[in-house]
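Coordinate analysis (summary)
Residue-level listing of the chains:
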Amino acid sequence: MDKSQNKKHVVLFYCAECEDLARKVASQSDLITLQTIKWRNFDDGFPNIFINNAQDLRGQHVAFLASFSSQGVIFEQLSVIYALPRLFVASFTVVLPFFPTGSFERMEEEGDVATAFTMARMLSNIPISRGGPTSLVIYDIHALQERFYFGDHVLPLFETGIPLLKQRLHQLPDSDKIVVAFPDDGAWKRFHKQLDHFPAVVCNKVREGNKRIVRLKEGNPAGCHVVIVDDLVQSGGTLIECQKVLAANGASKVSAYVTHGVFPMQSWERFTHKDVSEKAFTYFWITDSCPLTAKAIANRAPFEVLSLAGSIAESLQT
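Being a predicted model, the structure only gives us computed values, none of them experimental.

As summarised here, the arrangement of the seven strands in space is E11-E10-E9-E12-E13-E14-E15, forming an open sheet in which the pairing is mixed. Each edge of the open sheet carries a strand with a single partner, namely strand E11 (211-218) and strand E15 (303-306). Mean inter-strand twist for the sheet, computed between neighbouring axes without regard to direction, equals 25 degrees. Both strand E10 (residues 200-208) and E11 contribute to a ladder of seven bridges, which runs antiparallel. Bridging from a neighbouring strand, Cys203 pairs with Leu216 of E11. Against the sheet, helix H6 (residues 237-248) makes contact with strand E9 (178-182), E10, E11, strand E12 (225-233), strand E13 (253-261) and strand E14 (284-287), and its axis sits at roughly 45 degrees relative to E11, the strand it touches most.

Encoded structure:
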């Protein structure tokens, strides 16, 4: 049977900053139709939102592409996410490529607030549609145990950007000299099974006084193009220290891949090729899970954006 016969037609809504990604997703299939929302504000700053053509959504498979890039946009998007499944839609899917609070998912001492659990509870309260619980698509969540933070009103679907990296690595002229490096044991646990056909190097972070020092734990990077793999980057300090260790141990080139290029306060600038000393990374791959970053680093070496559009389109239609 032709698989395309089983694919469903989906009406895809999106937040303002995801417009480029939404258009790429829609370009993957004639069965994905974009629909718009009027994002307005009242004079006091609170949202004034209108879902266009809401009366036509009854019986349709509906999805929303979200980006919780700041606290200021979460409330308006949640308002839409809570409203859409109540319009008698056949099914509802939320795609939140980057789960933003995921790195604070546990308590280390009494008084810590695990904001990942708070976010999961907010998303777990999405109303059930006619088709049942909402499907929630997230890419490379920081800790897999966070799946247990979600309630029964949503069905979390955890996807990964690693196939995009593997495809890109096989296109490189030195693809036979690739070694994958994990900056810590957490990254190794998360990704090594997906990358087990590449030789691996594992680093670890140790405390020396107030400093966190990166050291080579196992593996041999000598003479190879080493690609550091992790789920996200903030300031990039760990990646830079990891690169120094790999270069000191004989790596001929060092590149990096992260699914989520968070880069607060434009910290990506420290990686751009402005002078010789900054050309530590041959390539730096991110996905477009953080749309504002993807737009900011476009055409700036060593960055390349690997789009999640094809993967998102597939998850919406199956």
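Moving on, there is more to tell.
All right, on to the UniProt feature "domain: Phosphoribosyltransferase" (unreviewed entry) in the chain then. On the UniProt side, "domain: Phosphoribosyltransferase" (unreviewed entry) is annotated at positions that read residues 152-269 here. Taken end to end, residues 152-269 is 24% helix and 39% strand, and its first and last C-alpha atoms sit 42 Å apart.

Attention shifts here to the side chain of Ser289. Turning to its location among the elements, Ser289 is positioned in the loop between E14 and helix H7 (291-296). Its relative accessible area of 3% is what places Ser289 among the buried residues. Within the structure, the side chain of Ser289 is placed 2.7 Å from the side chain of His260, a separation counted as a polar contact. With residues up to four places along the chain from it excluded, the contact list for Ser289 reads Pro97, Phe98, Thr259, His260 and Leu308.

Under the definition given, this model contains 13 aromatic pairs. Residues Trp39 and Phe64 carry aromatic rings whose centres are separated by 6.3 Å and whose planes lie at 55 degrees to one another, so their mutual orientation is tilted. Placement of Trp39 in strand E3 (residues 37-41) and of Phe64 in strand E5 (residues 61-65) is noted, with a sequence separation of 25 residues between them. Taking relative accessible area as the criterion, Phe64 reaches 0% and is therefore assigned buried. Residues Phe271 and Phe284 carry aromatic rings whose centres are separated by 5.1 Å and whose planes lie at 75 degrees to one another, so their mutual orientation is edge-to-face. Of the two residues, Phe271 is situated in the loop between E13 and E14 and Phe284 in strand E14; the sequence distance between them amounts to 13 residues. For the pair shown, Phe271 and Phe284 are each scored as buried. Members of the aromatic cluster, each reached through a chain of ring pairs, are Phe263, Phe271, Phe281, Phe284 and Phe303. Sitting over the ring of Phe88, Arg58 keeps its end group 4.9 Å from the ring centre. Between Arg168 and the ring centre of Tyr283, over which it is positioned, the NZ or CZ distance is 5.5 Å.

Turning our attention to the sheet that holds strand E1 (residues 10-14). Pairing within the open sheet is parallel, and its six strands lie in the order E2-E1-E5-E6-E7-E8. Looking at the sheet topology across the chains shown, the edges are occupied by strand E2 (32-34) and strand E8 (154-159). Each adjacent strand pair in this sheet contributes to an overall mean axis angle of 25 degrees, direction not counted. Of the strand pairs in this sheet, strand E6 (residues 91-95) and strand E7 (residues 134-139) are connected by three bridges, and their pairing is parallel. Bridge pairing links Val94 to Leu136 in E7.

Once that is clear, we can look at the packing of helix H2 (residues 71-83) against helix H3 (residues 115-124). With their axes 10 Å apart at the nearest point, H2 and H3 run at an angle of 30 degrees to one another. The angle between H2 and H3 places the two elements in the roughly parallel class. Residues Ile74, Leu78 and Tyr82 of H2 form the contact with H3, whose own contacting residues are Met119, Met122 and Leu123. For the contact of H2 with H3, a count of residues per class yields six nonpolar, no polar and no charged.

Another aspect to go through is H2. Every buried residue of H2 is accounted for by Val73, Ile74, Glu76, Gln77, Leu78, Val80 and Ile81. Of the surrounding elements, those touching the buried residues of H2 are E3, strand E4 (47-51), E5, E6 and H3.

With that out of the way, let us pick up the environment of Ala251. You can see Ala251 is positioned in the loop between H6 and E13. For the pair Ala251 and Ile37, spaced 214 residues apart in sequence, the C-alpha to C-alpha distance is 49 Å. In contact with Ala251, other than residues within four places in its own chain, are Pro221, Ala222, Gly223, Cys224, Val226 and Leu246.

Conventions we followed
Residues numbered from 1 in each chain as written. Predicted model: local features only at pLDDT ≥ 70, side-chain atom pairs only at ≥ 80, totals over all residues. Heavy atoms only, no water. Pairing = 2+ DSSP bridges. Helix = DSSP H or I, 4+ residues; strand = E, 2+ residues; numbered from the N terminus. Axes fitted to C-alpha atoms, helices over the stretch in contact; angles between N-to-C directions. Contact = heavy atoms within 4.5 Å. UniProt positions renumbered as here; feature names shortened; annotations may be inferred. Buried < 20%, exposed > 50% of the residue type's maximum accessible area, 1.4 Å probe, protein only. Polar contact = N/O pair within 3.5 Å; in protein donor to acceptor, adjacent residues only side chain to side chain. Phe/Tyr/Trp six-rings, centres within 6.5 Å; stacked < 30°, edge-to-face > 60°. Lys NZ or Arg CZ within 6 Å of the ring centre and 35° of its normal. Parallel < 35°, antiparallel > 145°, perpendicular 65-115°, else oblique. Nonpolar A, V, L, I, M, F, W, Y, C, P; charged D, E, K, R; others polar.

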